[in-house]
Amino acid sequence: MFYWIMKHVLVGPWLRLAFRPWTKGVEHVPDAGGAILASNHLAVIDSFVLPIVLERQVKFLGKSDYFTGRGLKGRLVAGFMRGVGTIPVDRSGGKASEAALRTGMRVLDEGELFGIYPEGTRSPDGRLYRGKTGVARLALESGSPVVPVAMVGTDVAQPLGRVVPKPRPIGVVFGEPLDFSRYRGMESDRFVLRAVADEIMYAILRLSEQEYVDVYAATAKVRLAQGLPVDPTPGAARPAAEPETFVADEPTDATGPAAPAAKETEDPTG
């Protein structure tokens with residue numbers, strides 16, 4: 001109930017007034033049943049604009065820290081996150097990806113829409129980065145269709161580091177649902193997961209018309225922090241990056257956590 005009050009009374013009307021969101025292809029979102037909304041990720045407000053353009057509720061994952069804060073501010077944040085349908089997930093420890101996957105599966109099994117950012121974190125420069133395989137595993141294990149989504153202009157309204165976005169028109173483009181039933185039973189094959197993730201990213205790319213970079217966004221952020229170019233030169237050593245994980249960078253964090261340097265791998269858990 002609180003979700004619909006937030007959407008139609010407390011927050012939604014203000015967002016619509018400020019951003020005048022336009023849509024294209026909204027008919028591709030199923031009217032009922034579980035589906036994965038796989039979107040590019042340009043700004044914090046992506047997770048607020050996307051739900052207001054749809055009749056159905058969209059559920060995202062959120063780190064558990066947002067639900068455990070103390071004092072008035074902590075309670076307000078926790079109440080807001082629950083009210084907009086965010087599901088708390090503990091991102092610490094080696095089992096975080098598996099917990100996130102199981103949570104996503106539960107949302108889809110209940111016939112709801114599950115929003116996910118395959119890049120794993122916001123783009124540092126407006127380009128589209130390599131997708132992580134968590135979305136592929138979720139699609140194959142659940143059997144749910146994947147609807148590619150392109151957010152347009154949210155990075156202009158809210159550049160990295162800006163807390164309060166600037167009022168301006170924002171667009172949301174939905175593509176035709178992707179069916180990966182041909183890969184049923186192959187969710188443990190890391191090459192299949194990679195192929196599915198790449199197909200999803202290509203579909204998003206066609207909608208968003210962004211420039212594509214075959215590097216993880218987290219890797220790009222590490223390189224930028226080190227004063228290095230994002231795109232490695234041919235023949236150069238592979239840059240340090242975080243491993244494949246399922247849980248995306250939290251959309252409600254205005255700046256995002258620093259990405260840890262680690263070996264870049266294709267983790268079949270996504």
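Residues numbered from 1 in each chain as written. Predicted model: local features only at pLDDT ≥ 70, side-chain atom pairs only at ≥ 80, totals over all residues. Heavy atoms only, no water.

Draft legend 1. Structural view of the packing of aromatic side chains. All told, the structure shown has 1 aromatic pair when counted by the stated rule. Ring geometry for F60 versus Y117: centroids 5.8 Å apart, planes at 15 degrees, classification stacked. Of this pair, F60 sits in the loop between β3 (58-59) and β4 (61-63) while Y117 sits in the loop between β6 (113-116) and β7 (128-129), and the two are 57 residues apart along the sequence. No difference in accessibility class separates F60 from Y117, as the two residues are buried. (Phe/Tyr/Trp six-rings, centres within 6.5 Å; stacked < 30°, edge-to-face > 60°. Helix = DSSP H or I, 4+ residues; strand = E, 2+ residues; numbered from the N terminus. Buried < 20%, exposed > 50% of the residue type's maximum accessible area, 1.4 Å probe, protein only.)

Draft legend 2. The arrangement of the pattern of salt bridges in detail. Evaluation of the coordinates by the stated rule reveals 9 salt bridges. A salt bridge links R182 to E199, with the shortest nitrogen-to-oxygen separation between them at 2.8 Å. Taken together, the residues span a long stretch of sequence, with R182 in the loop between β9 (171-174) and α8 (190-208) and E199 in helix α8 at a distance of 17 residues. The exposure class of R182 is partly exposed, given its relative accessible area of 47%. When salt bridges that share partners are traced, they join R102, R137 and E141 into one network. (Salt bridge = Lys/Arg side-chain N within 4 Å of Asp/Glu carboxyl O.)

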